[in-house]
Amino acid sequence: MKFQIQKRGERRIEIQPEFTQVGDDKIIGSTQWLGADGQRNKRFQVLTLRDGKIVDMQGCASRHEAERFARRR
């Protein structure tokens, strides 16, 4: 991470995480950041919790895909 920060020089890194609970045991985590090329990037993960611990994590390409995965039983 330090290398990436130094590589960007004076450019400020902008990271915007967001978390949404879905049901009793799932959380959708999304992260948005500004890439070195100036483009905005987004990533989505569905975390499954059990006894207060993350027991599974699934990466998804879109918010819609993450919501669909989180609502599956």
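Residues numbered from 1 in each chain as written. Predicted model: local features only at pLDDT ≥ 70, side-chain atom pairs only at ≥ 80, totals over all residues. Heavy atoms only, no water.

**Concerning the nonpolar core**
Counting 8 residues, the largest nonpolar core consists of Val22, Ile28, Phe44, Val46, Cys60, Ala66, Phe69 and Ala70. With 3 residues, helix α2 (residues 63–71) is the largest single contributor of residues to this core. In contact with Ala66, other than residues within four places in its own chain, are Ile28, Phe44, Val46 and Cys60. (Core = buried A, V, L, I, M, F, W, Y, C linked by side-chain atoms within 4.5 Å. Buried < 20%, exposed > 50% of the residue type's maximum accessible area, 1.4 Å probe, protein only. Helix = DSSP H or I, 4+ residues; strand = E, 2+ residues; numbered from the N terminus. Contact = heavy atoms within 4.5 Å.)

**Topic: α2**
Two residues of an α-helix separated by three or four positions point the same way, owing to the 3.6 residues in each turn. Within α2, burial applies to Ala66, Phe69 and Ala70. Projected onto a plane normal to the axis of α2, the buried residues spread over an arc of 100 degrees and lie on a single side. Those residues of α2 that are exposed and angled more than 90 degrees off the buried face are His64, Arg68 and Arg71. For α2, the secondary structure elements touched by its buried residues are β1 (15–22), β2 (26–34), β3 (40–50) and β4 (53–60). (Arc of directions from axis to C-beta.)

**Examining the sheet that holds β4**
On the basis of which strands lie adjacent, the open sheet formed by 4 strands has the order β1-β2-β3-β4 and antiparallel pairing. Because the sheet does not close on itself, it has two edges, and the strands there are β1 and β4. Put simply, the sheet's adjacent strands are angled 25 degrees from each other on average, direction ignored. Across 7 bridges, β3 lies against β4 in antiparallel orientation. Bridging across to β4, Thr48 finds its partner in Asp56. Sheet strands in contact with α2 are β1, β2, β3 and β4, and its direction is about 165 degrees off that of β2. (Pairing = 2+ DSSP bridges. Axes fitted to C-alpha atoms, helices over the stretch in contact; angles between N-to-C directions.)

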